[in-house]
Amino acid sequence: MKVVICGAGQVGYGIAERLAAEYHDVSVIDTSPALVQVVRDTLDARGIVGHGAYPEVLQEAGADQADLLVAVTLHDEVNMVACQVAHSVFNIPTKIARIRSQSYLRSDLQDFFSTDHMPIDAIISPEREVGEMVLRRISLPGAMDVIRFSDTSMVTVAIECREDCPIVNKPLGQLTELFPDLGATVVGIWRGNELIVPNTADALVTGDIAYVVADEGQIKRTLLLFGHEEPEAGRIVIAGGGNIGLFVAQEMERRKLSARLRLIEANASRAHQVADQLNNTIVLNGSSLDQAILREADIDDADLMIALTNDDKVNILSSVLAKRLGCKTNLALINDPAFQTFTRPLGIDAYINPRSVTISRVLQHVRRGRIRSVHSILDGRAELIEADALETSPLVGVSLRELDLPDGLRIGAIWRNETFIRPDGQMKIKPRDRVVIFAAGHAVRKVEQLFRVSLEFF
């Protein structure tokens, strides 16, 4: 696939890095010569210095032959115009734009981003996506990650196996026998720095992070089975009043997710703006690294600290400091993959990687076959893929035991007639079933083949 990316910042570079690693033909445009040089030096991708919305620059990047344009510069208007030019001048089939301003994302403007007006096929709002991820974590204490699939009650949660986890050292097949009515399947295990796609003979050990696909109604029972009985956080402190922090606070007020909410913002004018937009949240002006400010926010009595500033180092240090001052748990926003590797030893309970959210949205349009959604996890080492099975899919009509799936793949759930089904060896996938598959990075292409549409379908 030929892909043109406008913007070589953290988001654009991350997308280019992933797609180039999968041997797509990638060109990256940016006005910064330094950022373009980094792309040229480190990725198997072309780098073009120029304005991403200019037709001649897009032409130089190969837009006349492109299958996909991804506009992720820091400016919404540049991204929108780039998509318009890609559509009107180069007839690029798929256009994706990063839109940050909430003014463009109002519900009454949904028709604005359509072929007749502003031809954008998919909108990426990292701030809103990250905010929703934070809210999902809050609603399910004990889960390190929460991934929901579209239009179903299927959910994937990442759960840490601690020393008191009652199901460690037991084969996964035995768990199925002990809990036959549990709508949950362990599809992946992160152990140290190793990814394991398990079979029924494998067992969890202390320190593992298990990825479990479950029926939404069975999530709390699943967490309990893993030994997680954490109560919902009632006293929460948010560090950072930017777009993400404000969105999270507003949604928490609307959904009544916190009995007491405090927000800390370092910039005085921004703190006043945030305070004017919140009704039941106390906003404090100061640094989240200042112990006096944290104590003023009653951090010693807080259930959860959420660090959402624009600085990874501030998020890490404030999370660690909050916990040492008595906060029970913490959650940090961390962009740099280098920092993500040592969060656990520092005492950070969970972190959010905004790049994974953005990359997941792009991959949904890159993956071939009848793919509904893609969720990149573990910094791209694995994907959770939701896809439709058609009459011509190789999966259909064969029992899962006879199917002999390739290494690196595990079916986690089937959604049929509005019902969650936990797969077993005897089950046969039917046409129009929706299937969730956990795929190691090297096996993703095999998923595309399993859900391909043959010419017979047409």
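What counts as what
- Residues numbered from 1 in each chain as written.
- Predicted model: local features only at pLDDT ≥ 70, side-chain atom pairs only at ≥ 80, totals over all residues.
- Heavy atoms only, no water.
- Buried < 20%, exposed > 50% of the residue type's maximum accessible area, 1.4 Å probe, protein only.
- Helix = DSSP H or I, 4+ residues; strand = E, 2+ residues; numbered from the N terminus.
- Pairing = 2+ DSSP bridges.
- Axes fitted to C-alpha atoms, helices over the stretch in contact; angles between N-to-C directions.
- Parallel < 35°, antiparallel > 145°, perpendicular 65-115°, else oblique.
- Left-handed = near helix turned anticlockwise from the far one by under 90°.
- Contact = heavy atoms within 4.5 Å.
- Nonpolar A, V, L, I, M, F, W, Y, C, P; charged D, E, K, R; others polar.

With an unreviewed UniProt entry as reference, the protein chain is termed Trk system potassium uptake protein TrkA, source organism Aureimonas fodinaquatilis.

A. Structural context of the pairing of strand β13 (residues 260–265). Within β13, five of the six residues are buried, leaving the element largely enclosed by the surrounding structure. Bridge count between strand β12 (residues 235–239) and β13: five bridges; the pairing is parallel. Residue pairing for β13: Ile236 is matched across the bridge by Leu261.

B. Just the packing of helix α5 (residues 126–139) against helix α14 (residues 354–366), in detail. Put simply, α5 and α14 touch, their axes get as near as 9 Å, and they point 115° apart. Here α5 is positioned roughly perpendicular relative to α14, judged by the angle of their axes. The handedness of the crossing between α5 and α14 comes out as right-handed. The segment α5 lies against α14, with Pro126, Glu129, Val130 and Met133 engaging Pro354, Val357, Thr358 and Arg361. For the contact of α5 with α14, the per-class residue count stands at five nonpolar, one polar and two charged.

C. Layout of the sheet that holds strand β2 (residues 25–30). One open sheet holds the six strands; their spatial order is β3-β2-β1-β4-β5-β6, and the pairing between them is parallel. Both outer strands of the open sheet, β3 (46–49) and β6 (122–124), are each paired with one neighbouring strand and no more. When strand polarity is set aside, the average angle formed by the axes of neighbouring strands in this sheet is 15°. The pairing of strand β1 (residues 2–6) with strand β4 (residues 68–71) spans four bridges and is classified as parallel. Within β4, the residue paired with Ile5 across the bridge is Val70. Contacting β2 and β3, helix α2 (residues 33–42) crosses the sheet at an angle of about 170° to β3. α14 contacts β4, β5 (94–98) and β6 of the sheet and is inclined by roughly 165° relative to β6.

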